[in-house]
Number of protein chains: 2
Amino acid sequence: MSSALKIGDLARRTACPVESIRFYEREGLLPEPARTAGNYRSYGREHVERLSFIRNCRLLDMTLDEIRQLLHIRDNPRGDCVATHALLDEHITHVAARITELQRLERDLKGLRRACRTADVDAKCAILAELDGQTAVKSPGKSMPHVRGAHRR
Amino acid sequence: MSSALKIGDLARRTACPVESIRFYEREGLLPEPARTAGNYRSYGREHVERLSFIRNCRLLDMTLDEIRQLLHIRDNPRGDCVATHALLDEHITHVAARITELQRLERDLKGLRRACRTADVDAKCAILAELDGQTAVKSPGKSMPHVRGAHRR
DNA sequence: CAAAACCCTGTAGCCACTTCAAGGTCAAGC
DNA sequence: GCTTGACCTTGAAGTGGCTACAGGGTTTTG
């Protein structure tokens, strides 16, 4: 059989770090695989597919919880099409909302940037003065259900 | 003098949770304030201004590290205008890059959503099949310096 | 003078990993 | 056979920016 992969082989096939594979196993997204005589994890084709699924979902910025739900649907024969649609639609909504929020942020930042145009090293920058004030920045409305901030990696 | 605020007063004036104030102090963004006889933190006008500055920056999704740098500039008389511009410009670049990334994500998600149009509860959803495959999702290019993912709060 | 509201410190939890330490296993080269 | 080095193992700790306790002390209010 062509499928007796060690964790490093699986990592290469799925472009997923070894540590993340072990993490997914701890989190219950990947089943505990068989072990070799030397206590090495031994994976097969179904693990490659399941991990590919997980990584695809992560590339789409789904949370592990969302992925857990999708995997549950996937595991049950005739996985519920309606539930899949609902989950995906909600995720799309969150992403769209985050885009809107970041666009507003960008507008605010560019406005702030225009507050100072000088390149005078000795001047007190007008940007700092704006950041001091109460009116510099508007609050970004109510909380987003699950869309993260502007920085990452 | 009108300025002998307890931590709760400062929290109300800056719309910042009490716990975050203590957190900023631990992180060195806010100086350790004087204490009352009962060991309560005692704040003045300068703390209100500094914390407002910090919160404004956070509303603009700057990292604590970026804020630390801005505070350093702010603390030095004639704070360096050029450095401020550079920091802000870089932050704007990151936000813009994250917007682009999320827009692509949205496009991918909507494409995936279109893969299945049926509302048949018993059908195996075509979306799940797409997520299995190697070609379902394109990788999002090289790493973003510091812009976070799609979920938050 | 008691209850309620506020404050204190310290610790743990969140997410999705990443990094490290301290070792065990295995294939290749000499 | 023996060593080197690549790979594997577990477990713990760190990341960011908070948030939420637990278990106390202090101050204000009625």
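So, here's what we can say about the structure. (Residues numbered from 1 in each chain as written. Chains lettered and ligands numbered in written order. Predicted model: local features only at pLDDT ≥ 70, side-chain atom pairs only at ≥ 80, totals over all residues. Heavy atoms only, no water.)

**So, the overall build of chain A**
Regarding its fold elements, chain A presents six helices and three strands. Ordering the α and β elements of chain A from the N terminus gives α-α-β-β-α-α-α-α-β. Per-residue burial over chain A gives 45% buried out of 153 residues. Expressed as a percentage of contacts within chain A between residues at least 6 apart in sequence, the contacts between residues at least 24 apart total 53%. About 8,200 Å² of surface is accessible on chain A, with carbon and sulfur atoms providing 50% of the total. (Helix = DSSP H or I, 4+ residues; strand = E, 2+ residues; numbered from the N terminus. Buried < 20%, exposed > 50% of the residue type's maximum accessible area, 1.4 Å probe, protein only. Contact = heavy atoms within 4.5 Å. Areas by Shrake-Rupley, 256 points an atom, 1.4 Å probe, with all protein chains shown as cover.)

**With respect to the protein's contact with DNA strand C**
Surrounding DNA strand C, one finds 20 residues, the nearest of these being Glu19, Tyr40 and Arg58 of chain A together with Gly8 and Arg41 of chain B. Between a phosphate oxygen of DNA strand C and a main-chain N or O atom of Leu64 of chain A, the distance comes to 3.3 Å. One of the side-chain nitrogen or oxygen atoms of Arg22 of chain B is found 2.8 Å away from a phosphate oxygen of DNA strand C. Looking at the surface near DNA strand C, the elements with two or more residues in it are α2 (18-26) and α3 (45-59) of chain A together with α1 (7-14) of chain B. (Near = heavy atom within 4 Å. Polar contact = N/O pair within 3.5 Å; in protein donor to acceptor, adjacent residues only side chain to side chain.)

**A word on the pattern of salt bridges**
Taken as a whole and judged by the stated rule, the model has 22 salt bridges over all chains. Two residues, Arg113 of chain A and Asp89 of chain B, come together in a salt bridge whose shortest N-O distance is 2.7 Å. On the criterion of chain membership, the pair formed by Arg113 of chain A in helix α5 (residues 81-114) and Asp89 of chain B in helix α5 (residues 81-114) is interchain, its members lying in two chains. On the accessibility criterion, Asp89 of chain B (32% relative accessible area) is partly exposed. Here the residues in one salt-bridge network are Glu27, Asp65 and Arg68 of chain A, joined through shared partners. (Salt bridge = Lys/Arg side-chain N within 4 Å of Asp/Glu carboxyl O.)

**Remarks on unusual backbone geometry**
All names here are of chain B. Despite not being glycine, Ala15 has its phi angle at roughly 55°, a positive value. Inspection of the secondary structure assignment puts Ala15 in the loop between α1 and α2 (18-26). In this model, Asp61 sits at a positive phi of 65°, which is unusual for a non-glycine residue. With respect to the helices, strands and loops of the structure, Asp61 is situated in the loop between α3 (45-59) and α4 (64-75).

**Structural notes on the protein's contact with DNA strand D**
DNA strand D sits among 20 residues. The nearest are Gly8 and Arg41 of chain A together with Tyr24, Tyr40 and Arg58 of chain B. Across the atoms of DNA strand D situated within 4 Å of the protein, the share located in sugar and phosphate is 79%. Here a phosphate oxygen of DNA strand D sits 2.8 Å away from a polar atom, N or O, in the side chain of Arg58 of chain B. When residues of the surface near DNA strand D are traced back to their parent elements, those giving at least two are α1 (7-14) of chain A together with α2 and α3 of chain B.

**A word on the packing of aromatic side chains**
Two measures describe an aromatic ring pair: the distance that separates the ring centres and the angle between the ring planes. All names here are of chain A. The tally for this structure, following the rule as stated, stands at two aromatic pairs over all chains. Consider the rings of Phe23 and Tyr24, whose centres lie 5.9 Å apart with planes at 55°: the pair is tilted. Given a relative accessible area of 32%, Phe23 falls into the partly exposed group. The ring centre of Phe53 lies 4.9 Å from the NZ or CZ of Arg74, which sits over that ring. (Phe/Tyr/Trp six-rings, centres within 6.5 Å; stacked < 30°, edge-to-face > 60°. Lys NZ or Arg CZ within 6 Å of the ring centre and 35° of its normal.)

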